[in-house]
Amino acid sequence: MKNNKAKPIIRLISLLGRDKLKVALSFIFAVFYSVTQVAGPVFLGQSITVFANGMTRVLRDEGEFPYNQLIFLLVLCGASFVLNWLFLLLQNYVLIDVTQKMVYRLRLEIAEKMSKLPLSYYEGHLYGDILSTLTNDVNVLSLNFRTFLIQMADAPIYLLLMIVVMFYRSPI
């Protein structure tokens, strides 16, 4: 017997149905989320550098403190953190909607299959135990699938952006 681990994932993706565009939208939000997640610390680092260099110039009487530049960088840093939160919120909102619809379709299929079971099956098993197991399994599946979609979108983009930032910041 062949062990096919991709088969359940393909089955779950097929349950997405018409929501594939929403999944694509959540991937777009994931790109913007990752960009703002990387941009915030970059702006913060630049503002610390501007502050330190400005203080050094003031203490040595070599010029004025660059207030405008520092304020601009801090506003960019704050905006990137706010946008980061917004894109994460939008991504999760879309994915929660998608997974809830997927779970609804899955529960309809389960109810249809349960209605086709012979009565002798229910005589040997407690109906409450069957429903409890199915409900718990569907809830766990829903949470894990949403987490899978989020991480499938976020992790590669974030890794790529971190590599770009490392090369940008590298003195080589």
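As the structure is a prediction and not an experimental result, all values here were calculated from the model.

## Topic: the overall build of the protein
The helix and strand inventory of the protein stands at five helices and zero strands. Ordered by position from the N terminus, the helices and strands of the protein form the series α-α-α-α-α. Over its C-alpha trace the protein gives a radius of gyration of 25 Å, far above what one expects of a compact globule, namely 16 Å for 172 residues. Its C-alpha atoms give the protein principal-axis dimensions of about 90 × 35 × 25 Å. Burial statistics for the protein: of 172 residues in total, 27% are counted as buried. Distance from the positive charge centre (16 side chains) to the negative charge centre (11 side chains) of the protein: 9 Å.

## Some points on the confidence of the model for the protein
Taken over all residues, the pLDDT of the protein has a mean of 85, while the share at 70 or more is 96%. When pLDDT is averaged over each helix and strand of the protein, the minimum, 74, is found for helix H1 (residues 6–14) and the maximum, 91, for helix H2 (residues 20–59).

## A closer look at the packing of aromatic side chains
The full count for this structure, using the stated rule, is four aromatic pairs. On the basis of an interplanar angle of 75° and a centroid distance of 5.7 Å, the ring pair of Phe51 and Phe65 is categorised as edge-to-face. With Phe51 in helix H2 and Phe65 in the loop between H2 and helix H3 (67–116), this pair connects stretches of sequence that are 14 residues apart. Overall, the relative accessible area of 43% leaves Phe51 in the partly exposed class. One aromatic cluster is present, formed by Phe29, Phe32 and Phe87 through successive ring pairs.

## Quick look at the environment of Leu16
Its location among the elements puts Leu16 in the loop between H1 and H2. Using a relative accessible area of 4% as the deciding quantity, one classes Leu16 as buried. Distance from Leu16 to Ser34, taken between C-alpha atoms, is 24 Å for residues 18 residues apart in sequence. Excluding anything up to four places from it in sequence, Leu16 contacts Val23, Val98, Met102, Arg105 and Phe145.

Definitions and limits used
Residues numbered from 1 in each chain as written. Predicted model: local features only at pLDDT ≥ 70, side-chain atom pairs only at ≥ 80, totals over all residues. Heavy atoms only, no water. Helix = DSSP H or I, 4+ residues; strand = E, 2+ residues; numbered from the N terminus. Rg over C-alpha atoms; globule rule 2.2 N^0.38 Å. Buried < 20%, exposed > 50% of the residue type's maximum accessible area, 1.4 Å probe, protein only. Lys, Arg positive; Asp, Glu negative; His and termini not counted. Charge placed at Lys NZ, Arg CZ, Asp CG, Glu CD. pLDDT = per-residue confidence, 0-100. Phe/Tyr/Trp six-rings, centres within 6.5 Å; stacked < 30°, edge-to-face > 60°. Contact = heavy atoms within 4.5 Å.

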